[in-house]
Amino acid sequence: MSLKACTVVIHDLNDTAHALDVTVATLYEAGRTALATARGQDWVEDIGKGLITVTVKVRNPEVTHIAKIQDFENWLNGCKSASETALKARLRQWLAMGEQ
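This structure is a prediction, so every number in the text was calculated from the model and none was measured.

### So, the pairing of strand 3 (residues 53-59)
- Along strand 3, the buried face is formed by V54, V56 and V58; none of T53, T55, K57 and R59, which line the opposite face, is buried.
- Relative to strand 3, strand 1 (residues 4-11) runs antiparallel, the two sharing five bridges. Looking at strand 3, one finds that I10 is bridged to V54.
- Of the strand pairs in this sheet, strand 3 and strand 4 (residues 62-68) are connected by seven bridges, and their pairing is antiparallel. Looking at strand 4, one finds that R59 is bridged to E62.
- Taking the residues that link successive antiparallel strands as the turn, the strand 3-strand 4 hairpin has two residues.

Following this line, the structure appears as C-alpha cells:
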C-alpha cells in the first residue's frame, strides 16, 4: 500500500477541533496515529471514546472520510496479516505512551 498525506480532525470533549497531519497507508492507521498523538499533548483536553467522530481528509486524491472512534478501536483489535499485527502492536504501544 502506498502512503498518503492526510489531515485528521478530532474534537475533544470541550468541542475544540484539533487538526493533525499524518502520512499513513490506511484510514484506520490515520485515525489511530492522530488519536495517539493528540492524547499525548498537554493542550488537548480529553477526547473521549466510542461515538466521537474523527474526520480524515486525504490530500491526493482528495477524499474525506468520517468515522467514529469506536471504529478505529474495533480495527485495532482485529488482525488480518502478520504485517497488520505488527503495525497494530506499534500503534497500541504509542497509544499507551500517550495516555500516561
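### Here we look at the pattern of salt bridges
- Counted by the stated rule, this structure contains two salt bridges.
- Across the pair R59 and D21 runs a salt bridge whose closest N-O atoms are separated by 2.6 Å. Pair noted here: R59 is in strand 3 and D21 is in strand 2 (residues 17-24), with a separation of 38 residues, a long-range link.
- In this structure D21 comes out as exposed when scored by relative accessible area, which is 56%.
- E62 is the salt-bridge partner of K57, the closest N and O atoms lying 3.4 Å from each other.
- On the basis of relative accessibility, which here comes to 36%, the residue K57 falls in the partly exposed class.
- Relative accessible area serves as the criterion here: at 58%, E62 is assigned to the exposed category.

What counts, and where the lines are drawn
Residues numbered from 1 in each chain as written. Predicted model: local features only at pLDDT ≥ 70, side-chain atom pairs only at ≥ 80, totals over all residues. Heavy atoms only, no water. Buried < 20%, exposed > 50% of the residue type's maximum accessible area, 1.4 Å probe, protein only. Helix = DSSP H or I, 4+ residues; strand = E, 2+ residues; numbered from the N terminus. Pairing = 2+ DSSP bridges. Salt bridge = Lys/Arg side-chain N within 4 Å of Asp/Glu carboxyl O.

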